[in-house]
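# Structure assessment
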Amino acid sequence: ILSDLYNIAAIILDNKIQEFLFANTKHQVNNIYIGVVNKVFPSINAAFVDIDHVSKSGFIHFSDLNNIRRRYNNINLPNDLITNILTNEQKLLVQIIKESTANKGPRLTTNISLVGRYIILMPFNKNISISRRIQNAHERHYLKSLGILIKPVAMGLSFRSSIVGVSEDVILAELKYLKKQWLFIQKLAITCIPPKLLYNDYDLRKRIVRDFYENHITTIVLDSKKSFYT
């Protein structure tokens, strides 16, 4: 179901709804912004960040500043205090991890990730991880080895369960696409005037296909011709 403000989808199995997906078309999970810190609260080790000029500020906790905290490890300051990491008017590259509500702005993180159909690129994380849904030991060993070979320097990769049986050419093509996305986001973050939306993951139809479609799925139902053609 599409509207100007919300998109709604349902995952159905055996004629029973398994999950509802609700997307706010303004502040969608996975959206990436260059924001501006507008208030730091030492008492709760958190801060508010402006991500646009009209909506409630986003909220970021100290625990979601991992990649920034690592830069301060060699400084003779307590690195567990947000006031030693963030200051008012500081620019901050953030991603939404929880949508806004009527009373609260979106929850933010600096631990950026770019989600693909088969892999997730993590620019600030050097780890290789594999979906727990992939339980075959040989498959996990293969993916671990593949990750070591293709992982970009100073970045991390996460293999999704949908990757099983997919050719290496397809995986490499998706990795190349995600790396291009990240390069574009970096360039835009440097050249734009914050606050600014850099990456929008609002299209719920694409997210459904990307995150839920598997070979055993037989039907995708849309509620309008507009949904199909756009």
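Here goes a summary of the coordinates provided. Numbers given for residues are sequential positions, taken from 1 along each chain in its written order. Per-residue local features of the predicted model are confined to residues with pLDDT of at least 70, and side-chain atom pairs are confined, for both listing and counting, to 80 or more; whole-chain, interface and lining totals are unaffected and use all residues. Side-chain measures were taken over the full set of non-hydrogen atoms in the model, leaving aside hydrogen atoms and water.

Moving on, we get to the environment of Gly147. Where helices and strands are cited, they refer to DSSP runs of H or I of at least four residues and of E of at least two residues respectively, numbered from the N terminus. Relative to the elements of secondary structure, Gly147 occurs in helix α2 (residues 137–150). Once you skip the residues sitting within four places of it in the chain, Gly147 turns out to touch Ile128 and Phe159. We call two residues in contact whenever any of their non-hydrogen atoms come within 4.5 Å of each other.

Quick look at the packing of α2 against helix α3 (residues 168–191) now. Axis angle and axis distance: for two packed helices, these are the angle between their axes and the distance between the axes, and together they describe the pair. Two elements in contact, α2 and α3, have axes separated by 12 Å at closest approach and are oriented at 45°. When the axis of α2 is compared with that of α3, the two are oblique. Relative to α3, the crossing made by α2 is right-handed. Of the residues in α3, those in contact with Tyr142, Leu146 and Ile150 of α2 are Glu168, Ile171, Leu172 and Leu175. Classification convention: Asp, Glu, Lys, Arg as charged; Ala, Val, Leu, Ile, Met, Phe, Trp, Tyr, Cys, Pro as nonpolar; all other residues, Gly among them, as polar. Here the residues of the contact of α2 with α3 are counted per class, giving 6 nonpolar, no polar and 1 charged. For helices, the fitted axis covers only the stretch in contact; all axes are lines through C-alpha atoms, and the angles between them, taken along N-to-C directions, range from 0 to 180 degrees. For classification purposes, angles smaller than 35 degrees are called roughly parallel, those larger than 145 roughly antiparallel, those between 65 and 115 roughly perpendicular, and all remaining angles oblique. By convention the crossing between two helices is left-handed if the near helix lies anticlockwise of the far one by an angle smaller than a right angle, and right-handed if it lies clockwise.

Note that soluble globular proteins tend to have their nonpolar side chains buried in a common cluster. Grouped together as the largest cluster of nonpolar side chains are 28 residues, with contacts concentrated most on Ile119 and Phe159. At the level of secondary structure, the elements contributing two or more residues to this core comprise β3 (32–41), β9 (119–122), β10 (128–130), α2, β11 (156–159), α3 and β12 (196–199). Counting residues per element, this core draws most heavily on α3, which supplies 6 residues. Once you skip the residues sitting within four places of it in the chain, Ile119 turns out to touch Leu114, Leu157, Ser158, Phe159, Arg160, Ile163, Ile171, Glu174, Leu175 and Leu178. Residues belong to a common nonpolar core when they are buried Ala, Val, Leu, Ile, Met, Phe, Trp, Tyr or Cys residues joined through side-chain atoms within 4.5 Å. Using a 1.4 Å probe on the protein chains alone, a residue whose accessible area is under 20% of its type maximum counts as buried, one over 50% counts as exposed, and one in between counts as partly exposed. Listed in part, the 17 residues of the second largest apolar core include Val49, Ile51, Ile68 and Ile82.

For two strands to be treated as a pair, DSSP must find no fewer than two bridges joining them. Judged by pairing direction, the sheet is mixed, and its 4 strands sit side by side in the order β8-β9-β11-β10 without closing on themselves. Looking along the sheet, the strands with just one partner apiece sit at the ends: β8 (114–115) and β10. As paired elements, β8 and β9 share 2 bridges and run antiparallel to each other. Counted as the bridge partner of Val115 is Ile120 from β9. Running over the sheet, α2 touches β10 and β11 and is turned about 150° from β10. Packed on one face of the sheet, α3 meets β8, β9 and β11 and runs near 35° to β9.

Attention now goes to the side chain of Gln28. Looking at the secondary structure, you find Gln28 in the loop between β2 (16–24) and β3. Here a polar contact is taken to be a pair of N or O atoms separated by no more than 3.5 Å, where protein atoms must pair a possible hydrogen donor with a possible acceptor and residues adjacent in sequence count only if both atoms sit in side chains. Among the polar contacts listed, one links the side chain of Gln28 to the side chain of Glu99, at a separation of 3.5 Å.

In short, shape yes, function no, at least from these values alone.
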